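# Working through the structure, step by step
Read off the chains here:
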Amino acid sequence: MSMENKEGPEKFSFLQEVIKEKPLNRKKLMHKAAGLAAAGILFGAFASISFCVFQPWVDEQLNAEEEITIPKDEEPEEHPQEAKAEEEEREPELTLENFKELERAMYQVAAEANKSIVSVTSAGEDDNWTEEERKEGTGACGVIMPSNSREYLILTMGSAIKDAEQIQVTFGDGVSYDAAVRKKDAVLGIAVLAVDRNQVSDSTKNQIQEAVLGNSNMTYKGDVVIALGSLFGYSKGMGYGIISSNKNTVSVADRVYRLLDTDIPASRQGSGVLFNIDGEVITFAAEQVTDESSTLRVLAVSDVKEELEKLLNGNSVPYIGIVGTNVTDEIAEAQKLPKGIYVKEIEADSPGMAAGVQCGDIITAMDGDPVVTVKALHNKLLTFQPGDEVKLSAKRLGSEGYVEISYTVVIGGAEKK
């Protein structure tokens, strides 16, 4: 061996020494443990306070319902069919096969639209549904409207749930679920029901389709339409027809609506929905119009979109209770009447009656803004909320002619009427 190897271990023997740790001091150990415990307590207290402070805000954000918005429709400037009539184009000759293709195409649209149709069954305190009623949903028609993330919202006729203790909605797959009344509009006789999405099975959800609201302002005489629902005295009915008129109107409290008349026969107690050939809802049956005709006569959906938006968001439609007619320039000149809204009827126990409005009065302004048509009154009324006070200006016939009067009206909600 070399000298270097022999001397190595002796020369660096200090590397083999073991460095012993300094023994723990009990006092320092106790201080350290106390410090860690204090830090844990402070952290826990801070976390608890933060949880208490922020929990309501977090819950509100998680449970907040998104607002449902229904855009208003614009009126067309020109009837496209009338514009086309000015063009001299030769139409291609149609064959029987073309007709069969049209039938098949119509049925496909109807079958897809039918995914948004449900049956509504209600029972009073002493009533019981039979198993057949539960399975078939033998009740009024309902349509699944644009909904929020927590509920399916369903529009139906108010008579379907009158005095109901229990309400069930039967979807297209035949499965029924409990429903609750979200909001009603007694003026039109319609109601919005809500079904909790958590109740609904995945198989039912997979065949559900929310209805798309179309533009009934673009619906014209002669247009082909599809009727679905309980219009013929039984559930799950389907019919085709055309629009026979889009010029008629119906006057109800504070409002006037356009109607779409069809050539489709319907039960007077029926309820249903009308679709265009794009599968969009253009109108639905309401109690105010179903008893007036043996053919399907329904409300134009574009005229009620603002009311529907309020109802779907859980808000009441403002209500005064005035049934009026417009005093046009021609009527004003012929009958020597002031221009405005002639009060034909004031509904009993309504806010208008409580304020002193009488039949024969002529409404001229609301909160200082001129309202000389029922539509103008309706549009202005929709800007308020139930409980608001508004001033109505009017003219009343006295011994020396018409005199200026005014009323202070506390606006009510149309769900109670």
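If you're wondering where the values come from, they're calculated on a predicted model, not measured in any experiment.

Let us now look at the packing of aromatic side chains. Here the distance between the centres and the angle between the planes together describe a pair of aromatic rings. Evaluation of the coordinates by the stated rule reveals two aromatic pairs. With a centroid separation of 6.1 Å and an interplanar angle of 65°, the aromatic rings of Y152 and F171 are classed as edge-to-face. Linking Y152 in strand 3 (residues 151-157) with F171 in the loop between strand 4 (166-170) and strand 5 (176-178), this pair joins segments that are 19 residues apart in sequence. The exposure classification of Y152 matches that of F171, with both residues buried. Seen in terms of ring centroids, F171 and Y177 are 5.8 Å apart; in terms of plane orientation they differ by 65°. Their pairing is edge-to-face. Residue Y177 is classed as buried on the basis of its relative accessible area of 9%. An aromatic cluster is built from Y152, F171 and Y177, whose rings are joined through pairwise contacts. Across from the ring centre of Y152, 4.1 Å away, lies the NZ or CZ of R197, which sits over that ring.

Counting 40 residues, the largest nonpolar core has V143, L155, F275, F284 and L308 as its most contacted members. Counting residues in each nonpolar core, the second largest holds 19 residues, with V357, I363, V390 and L392 among its members.

Take a nonpolar patch on the surface next. A surface patch of nonpolar side chains, amounting to about 320 Å² of accessible area, comprises L96, F99 and L102. Along the polypeptide, L102 turns up in helix 4 (residues 96-113).

Let us look at the sheet that holds strand 5. By way of backbone hydrogen bonds, the strands of a sheet pair with one another, either parallel or antiparallel. An order of 5-4-1-2-3-7-6 is seen for the seven strands of this open sheet, with the pairing classed as antiparallel. Every other strand in the sheet has two partners, leaving strand 5 and strand 6 (180-185) as the edge strands with one partner each. Strand after strand, the sheet turns through a mean of 30° between neighbouring axes, direction not considered. Here five bridges tie strand 6 to strand 7 (residues 190-196), and the two strands are oriented antiparallel to one another. Residue pairing across strands places A180 opposite A194, the latter belonging to strand 7.

The next thing to look at is the layout of surface pockets. By volume, the largest pocket amounts to about 400 Å³. R258, S302, D303, K375 and N379 are the residues nearest the centre of the largest pocket, which is lined by 17 residues in total. Those elements that place two or more of their residues in the lining of the largest pocket are strand 11 (255-265), helix 8 (305-312) and helix 11 (374-381). Within the lining of the largest pocket, the residues separate by chemical class into three nonpolar, five polar and nine charged.

To continue, consider helix 4. Between its first and last C-alpha atoms helix 4 spans 26 Å; for 18 residues at 1.5 Å apiece the expected length is 26 Å, and the two agree. Buried positions along helix 4 lie against strand 1 (117-123), strand 8 (224-230), strand 9 (237-245) and strand 12 (271-275).

With that settled, consider the pairing of strand 10 (residues 249-252). Residues of strand 10 alternate between two faces, with V250 and V252 buried on one and T249 and S251 left unburied on the opposite face. Relative to strand 11, strand 10 runs antiparallel, the two being bridged by four bridges. Residue pairing for strand 11: V250 is matched across the bridge by Y257. Counted between consecutive antiparallel strands, the loop separating strand 10 from strand 11 contains two residues, among which D254 sits at a positive phi close to 70°.

Each value, and the rule that gives it
Position labels on residues start from 1 in each chain and follow its written sequence. Totals for whole chains, interfaces and linings use all residues, but because this is a predicted model, local features are given only for residues with pLDDT of at least 70 and pairs of side-chain atoms are given and counted only at 80 or more. Side-chain metrics rest on all non-hydrogen atoms present in the structure, leaving aside hydrogens and water. Pairing of aromatic rings covers Phe, Tyr and Trp, the last through its six-membered ring, and needs centres within 6.5 Å; plane angles under 30 degrees mean stacked, over 60 mean edge-to-face, and all others mean tilted. Here a strand is any run of E in DSSP of at least two residues, a helix any run of H or I of at least four, and the numbering for each starts at the N terminus. When a residue's accessible area, from a 1.4 Å probe over protein chains only, is under 20% of the maximum for its type it is buried; when over 50% it is exposed; and in between it is partly exposed. Two conditions define a charge sitting above a ring: the NZ of Lys or the CZ of Arg must be within 6 Å of the ring centre, and it must be within 35 degrees of the ring normal. We call a set of buried Ala, Val, Leu, Ile, Met, Phe, Trp, Tyr and Cys residues a nonpolar core when their side-chain atoms join them within 4.5 Å. Excluding any residue in a salt bridge, patches collect residues exceeding 30% relative accessible area, merging like charges within 9 Å and nonpolar Val, Leu, Ile, Met, Phe, Trp and Tyr side chains within 5 Å. Here, Shrake-Rupley sampling with a 1.4 Å probe gives the accessible areas, and only protein chains in the shown set may cover a residue. Throughout this description, the term salt bridge denotes a Lys or Arg side-chain nitrogen within 4 Å of a carboxyl oxygen of Asp or Glu. What makes two strands pair is DSSP finding at least two bridges between them. Axes here refer to lines fitted to C-alpha atoms; in helices the fit is confined to the stretch in contact. Angles between the N-to-C directions go from 0 to 180 degrees. Cavities and pockets are found on a 1 Å grid laid over the protein atoms alone: a cavity is a set of points where a 1.4 Å probe fits but cannot escape, a pocket is an open set with protein on both sides within 12 Å along at least five of seven lines, and a lining residue has an atom within 4 Å of such a point. Grid points are joined across faces, edges and corners, and a volume is the space filled by probe spheres set on the points. Amino acids are sorted into nonpolar (Ala, Val, Leu, Ile, Met, Phe, Trp, Tyr, Cys and Pro), charged (Asp, Glu, Lys and Arg) and polar (every other residue, Gly among them). Given the number of residues in a helix, its expected span is that number minus one, multiplied by 1.5 Å. The criterion used for residue contact is that any of the two residues' heavy atoms lie within 4.5 Å.

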